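Here is what each chain is made of, one letter per residue.
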Amino acid sequence: MDRLTMSARAPTQNRTSGMAEAAEVLAGPRWLRAAALAGVAVYGALPLCATALYSLATVWRRKPLPDSYTLQWWASTLTDPVFLAAIGRSITIALLTVVAVNLVVLPPLYWSHIANRRIRPLLEACALIPFVLPGVVMAAGINRFVGLWPLTAQLQATPTLLLLAIVATSFPIYLWAVDGSLRAANVIALWEAATVHGAGPWRTLRRVVVPSIRHGLAAGSLLVFASAMGELALARLITGSAFETLPLWQLRQLRGTDANPNGMAVSSLLSLAMLFAFSFAIVLGNRGRVAQIAPTAAKD
Amino acid sequence: MPEVRVEHLRKTFGRTTALGNINLSVSDGELLALLGPSGCGKTTLLRCIAGLTRPDSGSVFLGSRDVTEDPSRTRDVGMVFQGYALFPTMTAAENVGFPLEARRWPRGAVAERISEMLALVGLEHIAARYPHELSGGQQQRVALARALAGKPKVLLLDEPLSALDAMTRTTLRDEIRRIQLKVGMTALYVTHDQAEALAVADRVGVMDHGRLVEVGSPADVYLRPRHRFTAGFLGGRTMLALAVGSDGRVRWGGALATSVPWPSGTPVIVAVTPEAVRLDAVSGVEGRIVLVSFRGGTTRLQIETELGEIAADVASSETERYPSGRTVRLAVAADLVQVFRADENGVDDVSDAH
């Protein structure tokens, strides 16, 4: 009787351990997985830690850690009126870009979903241009283009032109983020339900569509904000030192007679902290759900 | 005065004819079901009436008004969609109030109408919940309340129950009918489920390949189909290919003999309902039972004969007598079959059997 039970149990045991083994082979041994994860973490964290240390270092020479520490760079950078003006310009430009992109891109994108599919290829082609053309080329092109007519030539080297250029080059990420969430929200079905029950396109956008895709709008806006904050090539070639944005200021800290690389480290950490705070606010607003960027299959 | 009238409606998508010259009218307070297989054009017809799809030609009238060129939002219809299409960021009450808000009802009237509608569908207690907090059946009730809230001229239902489980489907089906009768609403109900169509409708319109094949009462289209397609689509009939004999009768061995007014040699299709097949007949044709499926009160047998498989129903109490594999002798009750000419595709080629 005992032997019978034993032999009946043995194959089951074999099978379970066999399956576990197969899983083990696929995923690699536990230590290897842990090591891989740690490697990725170090790869991501090391530059951040180094920047943080550098922003606190007095001198740092040929040693793993700085010679000694100081808050001097933080204090001097945060009180430097030139730096504050630069970061102020960047934030203003980035916020205006977010507003402009929302006003300019959302309506046609919505329209392409509910009414006219034919404008989609046009939107997508426009969205590809900033990706295939280097920033320097676009900046040069924009400068020459506005120089063609006396009226537009007045825009040359103005912050307004810089804003327009950044809007034109940073909207694709917004377009893709919001396009995905429009699809995921099944906007066509929502539009049909709204219009059959008496609502026009504008009321539907305001009351039904925008609330349904607010996570995508937030994610898209954040990406546009980050990209506008970091825009260097356009700022350098369109306005240059006449309108010094944060990246231009940072570039100046790396070379020249008044270079201040420690201040550059401080400013990098500041903009990173700002973006992190915004992302965190969005995640909180989503009640912990990660904002959806990629389109997902519509739920049936 | 018919509430909904459709005249010469045509719509093609590329090379597919979704609607080929549809004429239809639904009278005041009537529920008409549009029944047909998927792709027959029934949803396209509904969407043309709703204004969501633009017909290539033809007219749509709601009451006395020609709305063919009107946008959907001014047509004054209520619609229940297949996937509910509730607004996910609004509560049940806000969803029901949406059509009223969109049509600028005064605030007090909106609140009153919302509670009236939620009471009608029995959902007062979940007014403050969001769609994702509701079951499928509750969501569909909210959708029905929303469709009726604005007091539309006509209620359009597009496969309203297809996403629900069988139990909820039956309950909700009967409830939709009760509410429609209570409100006295003119309604069009699109479905591919014949049981659903026959149960809720005053009249059933059978559609196939963009044509409205026939319209009649549920009993008419089920028991006395006038078109071969209807006969094949409803009632689980077996279609037998036979020919008119020299004596002007259609015969199937000793199992069936029925007179038709057509010349000898005319190919015909005989539509046989499962109830018309008698087993263990004295004279008849032989067949072998190949499949037995229990259906509640009756059990359906698939019997292999010289003409192919034929479906027959027996009372479930007699199932033991008909095990799979048994050979039976079967006959067909001539007064329960329809005979159609097989060489013409017309609608009126049916012969009353006798």
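Our subject is the structure listed above.
Residues numbered from 1 in each chain as written. Chains lettered and ligands numbered in written order. Predicted model: local features only at pLDDT ≥ 70, side-chain atom pairs only at ≥ 80, totals over all residues.

Caption draft 1: Molecular detail of the overall build of chain B. When helices and strands are counted, chain B shows eight helices and 21 strands. The burial tally for chain B puts 44% of its 354 residues in the buried class. Here the analysis covers contacts within chain B between residues at least 6 apart in sequence; of these, 64% occur between residues at least 24 apart. (Helix = DSSP H or I, 4+ residues; strand = E, 2+ residues; numbered from the N terminus. Buried ≥ 20, exposed ≤ 12 C-beta atoms within 10 Å, placed from the backbone. Contact = placed C-beta atoms within 7 Å.)

Caption draft 2: A look at the sheet that holds strand β5 (residues 65-66) of chain B. Residues and elements named next belong to chain B. Taken together, the four strands give an open sheet; going across it, the order is β2-β1-β4-β5, and neighbouring strands pair in antiparallel fashion. For this open sheet the edge positions go to β2 (16-27) and β5, each flanked by a neighbour on one side alone. Of the strand pairs in this sheet, strand β1 (residues 2-13) and strand β4 (residues 57-62) are connected by five bridges, and their pairing is antiparallel. The partner of V6 across the bridge, within β4, is V60. Lying on the sheet, helix α1 (residues 42-50) is in contact with β1, β2 and β4; it crosses β1 at an angle near 120°. (Pairing = 2+ DSSP bridges. Axes fitted to C-alpha atoms, helices over the stretch in contact; angles between N-to-C directions.)

Caption draft 3: Spatial organisation of the environment of A:C49. Within the secondary structure, A:C49 sits in helix α2 (residues 30-56). Along the primary structure A:C49 and A:W149 are separated by 100 residues, whereas in three dimensions their C-alpha atoms are 50 Å apart.

Caption draft 4: Structural view of the interface of chain B and chain A. Between chain B and chain A, the residue contacts involve 18 residues of the former and 15 residues of the latter. Elements represented by at least two residues in the side of chain B that touches chain A include exactly β6 (77-80) and α2 (92-102) of chain B. Ranked by residue count, the leading element in the side of chain B that touches chain A is α2(B), at three residues. Split by residue class, the side of chain B that touches chain A holds eleven nonpolar, four polar and three charged. (Nonpolar A, V, L, I, M, F, W, Y, C, P; charged D, E, K, R; others polar.)

Caption draft 5: Summary view of α1(B). Residues and elements named next belong to chain B. Counting buried positions along α1 gives nine out of nine residues, so the element sits mostly inside the fold. Taken together, the buried positions of α1 are occupied by K42, T43, T44, L45, L46, R47, C48, I49 and A50. Positioned one or two residues after α1, G51 has a phi angle of 90°, which is positive.

Caption draft 6: The sheet that holds β6(B), seen in detail. All names here are of chain B. Sheet architecture is open: six strands sit in the order β6-β7-β8-β3-β9-β10, paired in mixed fashion. Of all strands in the sheet, those with a lone pairing partner are β6 and β10 (211-216), marking the two edges. Each strand of the sheet is rotated relative to its neighbour by a mean of 20°, with strand direction disregarded. Pairing of strand β9 (residues 203-208) with β10 involves five bridges; the strand directions are antiparallel. Bridging across to β10, M207 finds its partner in L212. Where helix α4 (residues 136-149) meets the sheet, it contacts β6 and β7 (154-158), and its direction lies at approximately 170° from that of β6.

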